Amino acid sequence: MPDLLTSDTSRREFMRTLSLGAGGALASSSALASPLRWLAPGRKLGVALVGLGKYSTGQLAPALQQTRFCQLAGVVTGSPAKAAQWQKQYGVPAKSCYDYQTFDRIIDNPAIDIVYVVLPNALHAEYVVRAAQAGKHVICEKPMATSVADAQHMIAAMKKAGKQLSVGYRLHFEPHNQAMMRLGQTQAYGKINHLAADNGFKFGNDTPWRVNKELSGGGPLMDMGIYCLQGCLYTKGQVPVSVTAKFTPETGTGYFKEVEAGLSWQMRFADGTLADCRTSYAENMPGRLRADAASGWFELEPAFGYGGLAGKTSKNDGLLNLPNINQQAAQLDDFAQCVLQNKPTRVPGEMGLRDVQLLAAIYRAAETGQLVSTKDAGQLIDRTNAR
Ligand code: NAD
């Protein structure tokens, strides 16, 4: 049995068995508590990174050296020099290196199971749809899209292909943020009355697409503010019903001609709870997520980085004294297990769409100065950690 997945044919057979439903029965038998044990030490699911910029290079490729259920198996890049470098550094086979024109040939590559789209925001939609058409499962970086219509189109394409779509929301797999979800959603400190979150950095134009509206869809709200939005929703365990927002003024750097330099916004939840959030490309912010509840408070600072996260509570109960882990490896392995076991991801395309709807509402509120209803946004909440 341990060698079952070492050939593609036997692996396909295994996947067919799982998708027919036998996986559930096998998984629950004591002898095979996890069908994933069959994978080790044979073939892991293959991941192809699309776009070899900072995040792929600095975080995802190193994380893929630590994953148990998936591995780096392909790249898509416009630079032949980068392709050569990644072949050398990570042993990516030349036949699994594509450029943006030849990408669709990935359909014929059985070594690639998952395509991970790590491109400027406005390009996510095109590459997710092309990956769907190539019959691959997909992880798409945040924000999932630059328009609600694009996000809906991406979900429809993935559904048509019968493949899973996940968003690169790494903090859903991170212990401190998971504890915020648990403390908030189970009302461990009573009902939350107020939330506060901020996240931002001083933009230095090293990735100019971030201030090009056509490529980014917007400024720091799309890039950094989305963590505040996410954090408030998963801590409160609800989607807000309305938002108000205000742009912060241009800072004189000349960078912010097309997108906002900063933004502050307030979200109101159905029970009257308010969330005050702030994001900026003109100010380094620690990244903070705080909840004030009926019988105390709990907070993370820093809350959203790749490491060094730390938390405190008013009761000094140590509930946020938790380890820092490789978030990307945890996220990637969780998705690989979802694919293998044919179970839904906790951060699906529908959650990405929900957030694109909320981001659009925040921009509308800032542009009009009016309160904007968010009642039509998706209502999906990750409740995995509240159980
Ligand atoms: P980056 O600029 O460093 O990388 C982007 C890559 O896309 C580059 O390799 C570039 O060559 C390529 N590209 C292809 N077509 C392009 C075009 N027309 N214009 C510009 N670049 C083009 O950016 P990044 O920081 O790696 O961000 C990529 C995506 O990852 C974004 O969606 C971002 O929001 C997301 N991201 C997520 C996290 C996270 O923690 N989840 C962190 C950083 C970035």
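Residues numbered from 1 in each chain as written. Predicted model: local features only at pLDDT ≥ 70, side-chain atom pairs only at ≥ 80, totals over all residues. Heavy atoms only, no water.

Visitor: Please clarify how empty space enclosed by the protein should be interpreted in this entry.
Guide: One simple way to see leftover space: roll a probe sized like a water molecule over the atoms. Summed over all chains, the structure comprises 1 cavity of 30 Å³ or more. For the largest cavity, the calculated volume is near 60 Å³. Contributing to the lining of the largest cavity are Lys 142, Tyr 169, Arg 170, Leu 171, His 172, Ile 226, Tyr 227, Gln 230 and Tyr 234. Of the residues that make up the lining of the largest cavity, three or more belong to each of domain 1 (31-170 + 332-347) and domain 2 (175-324 + 354-385). (1 Å grid on protein atoms, 1.4 Å probe; cavity = no way out; pocket = protein on both sides within 12 Å on 5 of 7 lines; lining within 4 Å. Points joined across faces, edges and corners; volume = space filled by probe spheres on them. Domains from an automatic or database assignment.)

Visitor: I tried to follow the packing of aromatic side chains on my own but got confused; where do I start?
Guide: The way to describe two aromatic rings as a pair is by their centre distance and the angle between their planes. Inspection of the entire model under this criterion finds 13 aromatic pairs. Measuring from centroid to centroid gives 5.5 Å for Phe 203 and Tyr 255, while their planes differ by 90 degrees, and the two rings are edge-to-face. One end of the pair, Phe 203, is in the loop between β7 (192-200) and α8 (213-216); the other, Tyr 255, is in the loop between β8 (242-248) and β9 (262-268), and 52 residues separate them in sequence. The partly exposed category is assigned to Tyr 255, whose relative accessible area is 28%. Members of the aromatic cluster, joined through ring pairs, are Phe 201, Phe 203, Tyr 255, Phe 256 and Tyr 281. When the ring centre of Tyr 189 is taken as reference, the NZ or CZ atom of Lys 315 above it lies at 4.6 Å. (Phe/Tyr/Trp six-rings, centres within 6.5 Å; stacked < 30°, edge-to-face > 60°. Helix = DSSP H or I, 4+ residues; strand = E, 2+ residues; numbered from the N terminus. Buried < 20%, exposed > 50% of the residue type's maximum accessible area, 1.4 Å probe, protein only. Lys NZ or Arg CZ within 6 Å of the ring centre and 35° of its normal.)

Visitor: Explain the pairing of strand β5 (residues 137-140) to me, please; I cannot follow it from the model alone.
Guide: Side-chain alternation along β5 places His 137 and Ile 139 on one buried face and Val 138 and Cys 140 on a second face that is also buried. A crossover links strand β4 (residues 114-117) with its parallel partner β5, the connecting element being helix α5 (residues 124-133), and its sense is right-handed. Bridge analysis of β5 against strand β6 (residues 165-167) gives 3 bridges, and the strand direction is parallel. In the sheet register, Cys 140 faces β6, and the bridge partner there is Val 167. With respect to chirality, the unit in which β5 leads through helix α6 (residues 148-161) into the neighbouring parallel β6 is right-handed. (Right-handed = clockwise from strand over helix to strand, strands pointing away. Pairing = 2+ DSSP bridges.)

Nothing here speaks to function; it is all geometry.
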